[in-house]
Amino acid sequence: MCVQQLPLSGITVISLEQAVAAPYATRQLADLGARVIKVERPGEGDFARRYDTTVHGHSSYFVWLNRSKESLTLNLKDPRGLDILHQLLDGADVLVQNLAPGAAARLGLGADSLAERRPRLIPCTISGYGTSGPWADRKSYDLLVQCQTGLVSLTGTAEETARVGISVADIAAGMYAYTGILTALYTRATTGRAHPVEVSLFEALAEWMGQPAYYTRYGGGQPARLGTQHPTIAPYGAFTAADGGQVLFSIQNEREWAALCSEFLGRPALTDDPRFATGSDRVAHRDEINAIVAERFARSSAEEILAVLEEIGIACAGVNDVAAFLDHPVLAARGRWQDVAVPGATVPALLPPADLAGLPARMDPVPDVGEHTDAILAELGRTRDDIEALRADAVI
């Protein structure tokens with residue numbers, strides 16, 4: 001167990017978690033020093049352990065989301081397993097759960113019942129569509145929520161929609177759960193009152209849909225689906241250079257437009273062309289601008305184009321694949337990779353994005369299923385014989 005005196009050292013989190021959203025929230029709490037006890041099913045554990053086997057036989061999702069945690073296996077359908085969970089909760093600060101709809105209430109872990117017995121415990125519920133309302137009992141997964149919020153209708157090309165390539169709804173919900181828990185811990189410390197936290201995948205991603213929602217409500221239609229092009233800014237997108245490399249750049253203001261015209265396109269008169277006078281004009285004449293830009297790109301390599309755009313102050317970047325991202329010079333130069341142990345191996349992991357000056361990053365191992373069960377039960381006063389009996393009965 002990590003002994004670094006990080007900001008959340010001394011905080012204990014019990015998590016009935018699976019998949020992505022809740023594990024992402026609790027991993028960030030663990031990054032800050034909280035003790036996170038991950039409660040898993042005996043034998044199989046969190047089903048995200050079996051999403052793939054790409055990381056030395058382990059799931060890429062699980063390795064990403066579960067470092068610095070302790071794994072305890074409990075059969076919560078057995079009264080003895082549930083009793084152990086309640087014993088743990090008596091000494092905990094936070095309970096996080098993203099169980100199937102209604103499962104927590106059936107286990108006596110609803111926010112109201114928990115508050116009666118443990119007024120200082122902060123329960124956090126992560127659901128698909130909220131714990132009330134017409135869809136409270138629906139199961140949900142990331143792509144379903146991308147579809148329900150309309151995100152998929154914005155992503156892709158004019159011919160075809162596409163999912164966002166990462167679990168964006170899960171990540172959004174995990175981030176809001178994490179910040180909600182931090183806020184609840186602060187409020188408890190300053191007022192003595194523990195506020196339950198509730199986050200749904202749908203409402204988390206709905207918040208991220210704010211700009212296209214306003215645009216659609218007041219603009220007469222939703223933003224167009226344009227691949228890497230931007231629906232409300234032009235020129236903005238990826239273009240192909242003479243050597244086949246792609247460069248994405250963005251024009252954000254009139255100064256940048258003038259610099260692009262005179263110093264990259266070699267056509268300063270375009271700044272006085274009424275078709276391109278304002279940002280809205282440029283969007284309206286996107287095809288004409290794109291044709292001009294494409295002609296210029298066809299005369300230089302991607303490296304040459306990047307050099308010119310950077311020199312004249314235009315935001316730009318090559319279009320990396322994931323392998324190129326892994327070797328990104330910024331990550332290497334800033335030392336953002338640090339080794340983390342997984343069962344049977346060691347892998348590089350990215351440090352938490354928020355650096356806290358003077359505090360080391362916590363990067364403890366990813367646990368095997370039930371790796372800490374015996375030690376945790378011993379802390380609760382169970383003897384070796386007790387533990388073996390529970391294991392023989394498949395309670396742990």
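Heads up: the structure comes first, above all this text.
Residues numbered from 1 in each chain as written. Predicted model: local features only at pLDDT ≥ 70, side-chain atom pairs only at ≥ 80, totals over all residues. Heavy atoms only, no water.

S.K.: Looking at this structure, how should I read the sheet that holds strand 4 (residues 94-97)?
M.R.: Across a sheet, paired strands are connected by hydrogen bonds in the backbone, their directions being either parallel or antiparallel. Taken in spatial order, the six strands line up as 3-2-1-4-5-6 in an open sheet, and their pairing is parallel. Taken across any chain shown, the strands that pair with only one partner, and hence form the sheet edges, are strand 3 (69-73) and strand 6 (197-200). Ignoring strand direction, the axes of neighbouring strands in this sheet form an average angle of 20°. For strand 4 and strand 5 (residues 122-127), the ladder comprises four bridges, and the chain directions are parallel. Considered in strand 5, the bridge of Leu95 is made with Pro123. (Pairing = 2+ DSSP bridges. Helix = DSSP H or I, 4+ residues; strand = E, 2+ residues; numbered from the N terminus. Axes fitted to C-alpha atoms, helices over the stretch in contact; angles between N-to-C directions.)

S.K.: Looking at this structure, how should I read the nonpolar core?
M.R.: Counting residues in each nonpolar core, the largest one holds 35 residues, and the members touching the most others are Val13, Val96 and Ile126. For this core, the leading source of residues is helix 8 (residues 168-191), giving nine residues. Excluding residues that lie within four positions of it along the chain, Ile126 makes contacts with Ala21, Ala22, Val96, Gln97, Asn98, Ala173, Ala177, Val199 and Leu201. Ranked by size, the runner-up nonpolar core spans 25 residues in total, among them Leu95, Leu107, Leu121 and Val395. (Core = buried A, V, L, I, M, F, W, Y, C linked by side-chain atoms within 4.5 Å. Buried < 20%, exposed > 50% of the residue type's maximum accessible area, 1.4 Å probe, protein only. Contact = heavy atoms within 4.5 Å.)

S.K.: Where do I start with the sheet that holds strand 7 (residues 236-240) in this structure?
M.R.: As summarised here, the arrangement of the three strands in space is 7-8-9, forming an open sheet in which the pairing is antiparallel. Either end of the sheet is taken by a strand with one partner, and the two such strands are strand 7 and strand 9 (316-318). In this sheet, adjacent strand axes meet at a mean angle of 20° when their direction is disregarded. Here strand 8 (residues 246-250) pairs with strand 9 via three bridges, running antiparallel. What sits directly across from Phe249, in strand 9, is Cys316. Across the sheet, helix 13 (residues 286-297) is in contact with strand 7 and strand 8; its angle to strand 7 comes to roughly 40°.

S.K.: I would appreciate a short explanation of the packing of aromatic side chains in the present structure.
M.R.: The geometry of an aromatic ring pair comes down to the distance between the two centres and the angle between the two planes. As enumerated under the stated definition, the model contains eleven aromatic pairs in all. Seen in terms of ring centroids, Tyr129 and Trp135 are 4.9 Å apart; in terms of plane orientation they differ by 85°. Their pairing is edge-to-face. The exposure class of Trp135 is partly exposed, given its relative accessible area of 26%. Taking 6.5 Å as the distance between ring centres and 15° as the angle between the ring planes, the aromatic pair formed by Tyr214 and Tyr218 counts as stacked. A residue pair is termed a helical-turn pair when its members lie 3 or 4 positions apart in one helix, as Tyr214 and Tyr218 do in helix 10 (residues 210-219) at four residues. For Tyr214, a relative accessible area of 60% puts it in the exposed group. Members of the aromatic cluster, joined through ring pairs, are Phe239, Phe249, Phe264 and Phe297. (Phe/Tyr/Trp six-rings, centres within 6.5 Å; stacked < 30°, edge-to-face > 60°.)

S.K.: Please explain the pairing of strand 7 as it appears in this structure.
M.R.: On any regular strand, side chains alternate: one points to one face of the sheet, the next to the other face. Note that strand 7 and strand 8 share five bridges and pair antiparallel. By the bridge assignment, Phe239 is partnered in strand 8 with Val247. The hairpin formed by strand 7 and strand 8 contains five residues between the paired strands, and Gly244 there has a positive phi angle of roughly 90°.

S.K.: Can you help me understand the environment of Ile305 in this one?
M.R.: Tracing the backbone through its elements, the reader meets Ile305 in helix 14 (residues 302-311). Taking the C-alpha atoms as reference, Ile305 lies 9.8 Å from Gln246; in sequence the two are 59 residues apart.

S.K.: Help me understand helix 8, please; the structure alone is not making it clear to me.
M.R.: Helical geometry note: an α-helix holds 3.6 residues per turn, so side chains three or four residues apart project in the same direction. Here helix 8 contains 24 residues, and its C-alpha end-to-end distance of 34 Å stays within 8% of the 34 Å for a straight helix at 1.5 Å per residue. Looking at the residues trailing helix 8, positive phi occurs at Gly192, about 85°. (Expected span 1.5 Å × (residues − 1).)

S.K.: Would you mind going over the side chain of His58 with me for this structure?
M.R.: By secondary structure assignment, the location of His58 is in the loop between strand 2 (35-40) and helix 2 (60-65). A distance of 2.8 Å separates the side chain of His58 from the backbone oxygen of Pro343, its partner in a polar contact. The residues touching His58, leaving out its near neighbours within four places in the chain, are Asp52, Thr53, Val63, Val342 and Pro343. (Polar contact = N/O pair within 3.5 Å; in protein donor to acceptor, adjacent residues only side chain to side chain.)

S.K.: Where do I start with the packing of helix 8 against helix 9 (residues 201-208) in this structure?
M.R.: The description of two helices packed together rests on the angle between their axes and the distance between the axes. For the pair helix 8 and helix 9, the least separation of the axes is 8 Å and the interaxial angle reads 95°. Overall, the two elements helix 8 and helix 9 adopt an arrangement that is roughly perpendicular. Along the contact surface, helix 8 presents Val168, Ala169, Asp170, Ala172, Ala173 and Tyr176, while helix 9 presents Leu201, Ala204, Leu205, Glu207 and Trp208. Per-class residue counts for the contact of helix 8 with helix 9 are nine nonpolar, no polar and two charged. (Parallel < 35°, antiparallel > 145°, perpendicular 65-115°, else oblique. Nonpolar A, V, L, I, M, F, W, Y, C, P; charged D, E, K, R; others polar.)

S.K.: Whenever I open this one, helix 3 (residues 79-89) confuses me. Can you help?
M.R.: Within helix 3, the full set of buried residues consists of Gly81, Leu82, Ile84, Leu85, His86, Leu88 and Leu89. Sitting at the head of helix 3, Asp78 places a side-chain oxygen 2.8 Å from the backbone nitrogen of Arg80.

S.K.: I would appreciate a short explanation of a nonpolar patch on the surface in the present structure.
M.R.: On the surface, Val322, Phe325, Leu326 and Leu350 cluster together to form a nonpolar patch covering roughly 340 Å² of accessible area. Considering the arrangement of structural elements, one finds Val322 in helix 15 (residues 322-326). You can call Val322 exposed: its relative accessible area is 59%. (Patch = residues over 30% accessible without salt bridge, like charges linked within 9 Å, V, L, I, M, F, W, Y side chains within 5 Å. Areas by Shrake-Rupley, 256 points an atom, 1.4 Å probe, with all protein chains shown as cover. Salt bridge = Lys/Arg side-chain N within 4 Å of Asp/Glu carboxyl O.)

S.K.: Help me understand the pairing of strand 10 (residues 337-342), please; the structure alone is not making it clear to me.
M.R.: Here strand 10 runs beside strand 11 (residues 345-350); their pairing, made up of six bridges, is antiparallel. Paired with Trp337 across the two strands is Leu350, which belongs to strand 11.

S.K.: Any chance you could explain the environment of Asp90 here in plain terms?
M.R.: Within the fold, Asp90 resides in the loop between helix 3 and strand 4. Sequence separation of Asp90 and Ile233 is 143 residues, and the distance between their C-alpha atoms is 54 Å. Look past the residues within four positions of Asp90 in its chain and what remains in contact with it is Arg117 and Arg118.

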